[in-house]
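Understanding the architecture of this molecule
Letter by letter, the chains look like this.
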Amino acid sequence: MKSAGKIGAFIAVLVLAGATTNPGYAQDAEHGKAIFKACAACHATDHASRSGPGLGEIIGRKAGTVPGFSYSNAMKKSEIVWDTKILDAYLESPQQVVPGNRMPYAGLKNPTDRTDLVAYLATLK
């Protein structure tokens, strides 16, 4: 029985060590800012529209509502209110989230890059 107790204690130490050595991924808005450089060809970080709508204050904004921007009917009718979860999904696959939208972008497949980009977009005022 002594060896069973030692084995149990050893397993507990391994589990605890694993839990403390991998704290998880923290969002990096600065890295997201670097990722955004590819988006900047179409999107501004304020309310100005280019070929894409301005992204200032996107979190909490209803999709398809930037004044003066010509959205697709799909986007205007989407009923989406942008939050970090839906932005992440949209950036991964725009056509899957809003079928028929006009954004000519296949999606950002790297989950770390998406998380960081969303963190950056959340800082835009």
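Let me sum up the structure you'll find in this document. (Residues numbered from 1 in each chain as written. Predicted model: local features only at pLDDT ≥ 70, side-chain atom pairs only at ≥ 80, totals over all residues. Heavy atoms only, no water.)

Quick look at the nonpolar core
Met 75, Trp 82, Leu 117 and Leu 121 are the most contacted members of the largest nonpolar core, which has 21 residues in total. Those elements that provide at least two residues to this core are helix H2 (29-36), helix H4 (84-92) and helix H6 (111-121). If one sorts the elements of this core by residue count, H6 sits on top with four residues. (Core = buried A, V, L, I, M, F, W, Y, C linked by side-chain atoms within 4.5 Å. Buried < 20%, exposed > 50% of the residue type's maximum accessible area, 1.4 Å probe, protein only. Helix = DSSP H or I, 4+ residues; strand = E, 2+ residues; numbered from the N terminus.)

Examining H2
The set of residues buried in H2 consists of Gly 32, Ile 35 and Phe 36. Summarising the axial view, the buried residues of H2 lie within an arc of 100 degrees, below the 170-degree limit, and thus occupy one face. Buried residues belonging to H2 abut H6. (Arc of directions from axis to C-beta. Contact = heavy atoms within 4.5 Å.)

Brief notes about the packing of aromatic side chains
As enumerated under the stated definition, the model contains three aromatic pairs in all. Judged by centre distance (5.6 Å) and plane angle (50 degrees), the ring pair of Phe 36 and Tyr 120 falls under tilted. Placement of the pair is Phe 36 in helix H2 and Tyr 120 in helix H6, with a sequence separation of 84 residues. An identical accessibility class is assigned to Phe 36 and Tyr 120; each is buried. Plain terms: the ring middles of Phe 69 and Tyr 71 are 4.8 Å apart, the flat faces sit at 70 degrees to each other, and that makes the pair edge-to-face. (Phe/Tyr/Trp six-rings, centres within 6.5 Å; stacked < 30°, edge-to-face > 60°.)

Nothing here speaks to function; it is all geometry.
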